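Observations on the three-dimensional arrangement
Below are the chains, spelled out letter by letter.
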Amino acid sequence: MRRFKLLAVFILFSISVFAQKNGATLSGIVLDENDKPLHPVSITILGRDRGVVTDSAGRFTIQAPVGRPFALIFSFTGYTEVQRNFNLSVGENETVTIQMQASQNVLQGVTVTDNRSRTEAGRISIDPGAARVNPSPLGNIESLIKIFVGSNNELTSQYNVRGGSYDENLIYVNDFEVFRPYLVRSGQQEGLSFINPDMTAGVKFYNGGFQARYGDKMSSVLDITYRRPKKFGGTAYVGLLEQGLHLEGVSNNNRFSYVVGMRNRSNRNLLSSQETKGNYIPSSSDIQALLTYQLSSKWQLEALGNFSSSRFTLYPEESKLSSAVFSPLFSANLSVDIYFDGQEKDRYNTNMIGFSATYQPTKNFRLKWMLSQFENNESENIDITGAYLFGERDFDKSKPTFGLIVNPLGAGIFQTYARNQLNIKVTNASLKGNYDKGKHFIQFGAGIERQTIMDKLHEWEYNDSAGYSLPYSPNILQLSKVLKTNADLEVIRLNGYVQDNIQFRDSADVTMQVGVRYNYNNLNNELLISPRVGFSFKPKRWEKDIVFRAAAGAYHQPPFYRELRRYDGTINHKLRAQKSWQVTGGFDYSFKMLQRPARLTTELYYKHMTDVVPYDIDNVRLRYFGENMAKAYAAGAEVRLFGELVKDAESWISLGLMRTREDLQNDQYYKYQLNEQNAPVDSTLVNVGYLRRPTDRMVTFGMFFQDYLSTNKNFKVYLNTLYGSNLPYNIPGSVRYRNALVIDPYIRVDLGFSALLLDTERSRRRSHSPFRSFDNIWVSLEVFNLIDRPNTISYLLIKDFANNTFTMPNRLTPRLLNLKLVAKW
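The rules behind the values
Every chain is numbered independently, its residues counted from 1 as its sequence is written. Per-residue local features are limited, in this predicted model, to residues with pLDDT of at least 70; the limit for side-chain atom pairs, both in listing and counting, is 80 or more; totals at the level of whole chains, interfaces and linings are taken over all residues. Values reported for side chains reflect all heavy atoms of the structure, with hydrogen atoms and water molecules removed beforehand. Numbering of helices and strands runs from the N terminus, with a helix taken as a DSSP run of H or I at least four residues long and a strand as a DSSP run of E at least two residues long. Burial classes follow relative accessibility: with a 1.4 Å probe on protein chains only, a residue under 20% of its type's maximum area counts as buried, one over 50% as exposed, and anything between as partly exposed. Two residues form a contact once any of their heavy atoms are found within 4.5 Å. Reported accessibility uses the Shrake-Rupley method at a 1.4 Å probe radius. Residues are deemed covered only where the shown protein chains occlude them. Side-chain atoms within 4.5 Å are what join buried Ala, Val, Leu, Ile, Met, Phe, Trp, Tyr and Cys residues into a set we call a nonpolar core. Using a grid of 1 Å spacing that covers the protein atoms alone, one calls a set of points a cavity when a 1.4 Å probe fits there but cannot get out, and a pocket when the set is open and has protein on both sides within 12 Å along at least five of seven lines; lining residues are those with an atom within 4 Å of a point. Grid points are joined across faces, edges and corners, and a volume is the space filled by probe spheres set on the points. The nonpolar class holds Ala, Val, Leu, Ile, Met, Phe, Trp, Tyr, Cys and Pro. Asp, Glu, Lys and Arg form the charged class, and all remaining residues, Gly among them, are polar. The pairing criterion for strands is at least two bridges between them, as found by DSSP. How sure the predictor is of each residue is captured by pLDDT, a score from 0 to 100. Any carboxyl oxygen of Asp or Glu within 4 Å of a side-chain nitrogen of Lys or Arg constitutes a salt bridge here. Under this definition, polar contacts are N or O atom pairs within 3.5 Å; protein pairs additionally need one hydrogen-donor-capable and one acceptor-capable atom, and for neighbouring residues in sequence, both atoms have to be side-chain atoms. Each aromatic pair joins two rings of Phe, Tyr and Trp (for Trp, the six-membered one) with centres within 6.5 Å, and gets the label stacked for planes under 30 degrees apart, edge-to-face for over 60, and tilted for any other angle. By definition here, charges over rings are those cases where NZ of Lys or CZ of Arg is within 6 Å of the ring centre and within 35 degrees of the ring normal. Like-charged residues within 9 Å of one another, or nonpolar side chains (Val, Leu, Ile, Met, Phe, Trp, Tyr) within 5 Å, are grouped into patches, provided each residue has over 30% relative accessible area and no salt bridge.

Our focus in this paragraph is the overall build of the chain. Broken down by element type, the chain carries 7 helices and 46 strands. Looking at the chain as a whole, 54% of its 825 residues are labelled buried. In the chain, the share of contacts with a sequence separation of at least 24, taken over all contacts with a separation of at least 6, comes to 67%. With the model as given, the accessible surface of the chain reaches about 36400 Å², and the carbon-plus-sulfur share is 57%.

Okay, here's the thing in structure tokens:
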């Protein structure tokens, strides 16, 4: 019996030795971006809980599985996680060198690396890298913002925040204010967004309660910081909708750095699936560069340049619109067939150049001089005629008349003509500074801005229904709309601010931002003073990690190009600034969910607005009344949850409830109604009072979700979901029919899949490989509008033979596939 036991021990020992001798080991060293060893880096095999850590020299050794693929995960606080894939044979010993980059794209809403994101009211920190993986037809930073604030049009980068129009939003890139084209009348004509995600290092978005150091708008601030590279690198991508290249690098002495990005986009595949069939020829391209030079330890120079060119050409052929939401008198769908002749040719060129010089004599004091110029040249040329037939469509496939209108109810023609020219130049010189005095961090600034606007509008529309020109006159021929004006403006604006950021230390972490802005312009000689205050505190004795925050202040908006122009094209030189007083408050709660970091934020807000300039939304084109003729309010609540449902894959959910109303000064209007024949009926004059604003949306829901295979993180899935309840639709140019119609809820689901084709270690194993220098190569498949929801953007109003008015919805894009290849080096 004893001999048997000794034999068993010997066999087990021999098997153990043989296994160690014929197993596989993987060893190496982990370095940072400056080639310095990192310690202690955690190294685990994907799917396992235990692993090893690097020693003080950054070295490691780990026993590896053999005969099957596996992945190593390298993680270290403050650095971007790295995954490397291997497939080792029995007895193989592999040696690798891993280089980790300091984290610049960590979602601060989940991994808190900067506590200011929790103490500033209204602030949302967004991972710019998510813009490339977020399945969206735009694929830009704005598509991420829409998850938090909602959307009504996937073809535009515009967004509305807490009931405000897009013109109420501020955008900064490296402290320079940037603008966008102004004549654009619908999303399909839009080009690229100014912001290049590949060049972006940080994104700060304030959806309310922003500080005095930001400008004079009423809704939001998007503050973008472009990258400061530490070594040579770049990305390139090719997709069905967009292609791009970005390069970055530094000089040998590390004094000079550059980031350059080039993009080209064509929405042809996206637009060819719309209801209006024709030959779409859209194109948009841009080039941007950020150059930085460190003159000395105290002086730094920076130059930011952008040139963007967009072209849109359309030769429309036909459009077939259908809707079942009409009168109970008809059992079939009512439809309209429109046959077009003519063309539309639009051109939008924008360029921006900015220079800055930063002087920092001590670590506590800093000054920054800035000089920039933005120029926008636009032209629209439209000459399109359409003939339409309106009635019941036959949907019986067994009949030869399938798809045709068999019971005509109306017919007519219309013609749209435009020859519009716009040139805008904005030149700005400013000084910004800050002084750190321990518990007080003082910020200040002053600037002067010169705006020159040269505008020429020549538009008219002709409508003929049932043989009569509308509006009908038995003696003369009248056009339904005529706009022919010329305007030359020069406006000088002065602005500035001072702000103190105060840090208190007692039984709670308390911070306060107190500041005031001033703004003066020579157009109407109006001086605006805007005090603002923000407050946050975190109880130290609480076990839960909660930060309470609140803000209040005045947010006034001097008029710019759009607001000044009345519906008839004339300029209102006496238009006053729109004014608002706002208050917001809520809390930020960090906790563990599924043993992973998570964050819950809530905010309540109220905005009281006076001297409001009402407007209508014609597709995405804003048409202002050009008069301070209303007061308004917006009130609501927002809840957002950030977390990781799976490890290292951030997801978030946003829910908003809102009501925004406006009361026009002359509130005696006819209330729009429909009779059984769906014709408009004017009731007696009533005191309407507060009406829904064009952006009044009761419920807004957004979700961004990431996941990957449990056995391989290189196969990922992304889900983007948006829901917005109904919106009011005002018939453009008609105050009489305010809130006449309702646009159905906006529902959209976009889905994306990505797979890693090549990573760094694979490419380095083969010295002859043409992909040796690439960090990684990804391929993505995106499904836009997964549920094929026919969302409505606006309505087409047509008349039948009895002069009754019917509405036909203009739909947005249906389901569409997109394929994209992304390489990084």
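Still more to cover.
Turning our eyes to something else, we now look at the nonpolar core. The biggest cluster of nonpolar side chains holds 53 residues, and the ones touching the most others in it are Tyr159, Phe205, Leu222 and Tyr226. For this core, the element with the highest residue contribution is helix H4 (residues 141-149), accounting for 6 residues. Those residues within four positions of Tyr159 in sequence are excluded, and the remaining contacts are Glu142, Ile145, Lys146, Val149, Tyr166, Asn169, Ile171, Phe205, Ser220 and Leu222. Membership of the second largest hydrophobic core comes to 19 residues, among which are Val41, Ile43, Leu72 and Val82.

Under the criterion given, the structure shown has 11 cavities of 30 Å³ or more. Its volume calculated, the second largest cavity comes out at about 610 Å³. If you go around the second largest cavity, you meet 42 residues; those closest to its centre are Asn152, Asn160, Thr695, Arg697 and Leu727. No other element matches strand S32 (residues 649-664), which puts 5 residues into the lining of the second largest cavity. A per-class count over the lining of the second largest cavity returns 21 nonpolar, 15 polar and 6 charged.

In space, the 5 strands of this open sheet follow the order S8-S11-S12-S9-S10, with mixed pairing throughout. Of all strands in the sheet, those bounded by a partner on one side alone are strand S8 (123-126) and strand S10 (176-177). Judged from the 4 bridges that link them, S8 and strand S11 (residues 200-206) form a sheet pairing that is antiparallel. Within S11, the residue paired with Arg123 across the bridge is Tyr206.

Attention now moves to the confidence of the model for the chain. Per-residue pLDDT for the chain averages 82, and the proportion of residues at 70 or more is 83%. A low-confidence stretch, residues 3-21 (pLDDT under 50), is modelled with 1 contact involving residues beyond four sequence positions or located in other chains. Within the model, the stretch residues 324-332 combines pLDDT values under 50 with 15 contacts to residues more than four positions away or in other chains.

Right, let's get into the pattern of salt bridges. By the definition in use, this model includes 28 salt bridges. Asp588 is the salt-bridge partner of Arg599, the closest N and O atoms lying 2.2 Å from each other. One end of the pair, Arg599, is in strand S28 (residues 596-612); the other, Asp588, is in strand S27 (residues 579-593), and 11 residues separate them in sequence. Asp588 carries the same exposure label as Arg599, and that label is buried. Note that Glu662 and Arg693 form a salt bridge whose closest N and O atoms lie 3.4 Å from each other. Of this pair, Glu662 sits in strand S32 while Arg693 sits in the loop between strand S37 (691-692) and strand S38 (699-709), and the two are 31 residues apart along the sequence.

The next point concerns H4. For H4, a buried count of 9 out of 9 residues is recorded, marking the element as mostly surrounded by other parts of the structure. All buried positions along H4 are accounted for by Ile141, Glu142, Ser143, Leu144, Ile145, Lys146, Ile147, Phe148 and Val149. Where H4 starts, the residue carrying a side-chain oxygen 3.3 Å from the main-chain nitrogen of Glu142 turns out to be Asn140. Note on H4: the residue one or two positions beyond its end, Gly150, has a positive phi of about 95°.

Take the side chain of Asn153 next. Take Asn153: it is sitting in the loop between H4 and strand S9 (169-173). Among the residues examined, Asn153 registers a relative accessible area of 5% and is labelled buried. Polar side-chain contacts of Asn153 include one of 2.9 Å to the backbone nitrogen of Leu155.

Of the two faces of strand S30 (residues 621-624), both are covered, the one formed by Arg621 and Arg623 as well as the one formed by Leu622 and Tyr624. As defined by bridge partners, strand S29 (residues 615-618) adjoins S30 across 4 bridges and the pair is classed as antiparallel. Its bridge partner being in S30, Asp618 is matched across the sheet by Arg621.

As a further point, take the side chain of Asp455. Along the polypeptide, Asp455 turns up in strand S21 (residues 440-465). Residue Asp455 is classed as buried on the basis of its relative accessible area, which comes to 3%. The contacts of Asp455, once residues within four sequence positions are left out, are Gln421, Leu422, Thr485, Asn486, Ala487, Asp488, Tyr561 and Arg565.

This part covers the pairing of strand S18 (residues 334-362). Looking at chain direction, S18 and strand S19 (residues 365-393) are connected through 27 bridges and run antiparallel. Its bridge partner lying in S19, Arg347 is registered against Ser379. Linking S18 back to S19 in an antiparallel pair, the connection comprises 2 residues.

Here we take up unusual backbone geometry. Where the residue is not glycine, phi is negative for most of them; where a peptide bond is considered, it is trans in most cases. With omega at -5°, the peptide bond leading from His39 into Pro40 counts as cis. The backbone phi angle of Asn525 is positive, close to 55°, even though this residue is not glycine. By the secondary structure assignment, Asn525 is in the loop between strand S24 (508-521) and strand S25 (526-539). By relative accessible area, Asn525 is classed as exposed at 51%. Located in the positive-phi region is Asp611, a residue other than glycine, with phi close to 55°. If you trace the backbone, Asp611 turns up in strand S28.

All told, the structure shown has 28 aromatic pairs when counted by the stated rule. Here the aromatic rings of Tyr159 and Tyr166 are separated by 5.4 Å at their centres, their planes lie at 90°, and the arrangement is edge-to-face. Comparing Tyr159 with Tyr166, the two get one shared label, buried. Grouped by ring-pair contacts, the aromatic residues Phe148, Phe642, Trp652, Phe704 and Tyr718 constitute a single cluster. For the cation-ring pair, Arg162 lies above Tyr605, with the distance from its terminal atom to the ring centre recorded as 4.2 Å. The side chain of Arg599 reaches across the aromatic face of Phe642, ending 5.6 Å from its centre.

What follows deals with a nonpolar patch on the surface. A cluster of nonpolar side chains, Phe256, Leu291, Tyr293, Leu295, Trp299, Leu301 and Trp369, forms an exposed patch at the surface whose accessible area comes to about 580 Å². Within the secondary structure, Leu301 sits in strand S17 (residues 299-323).

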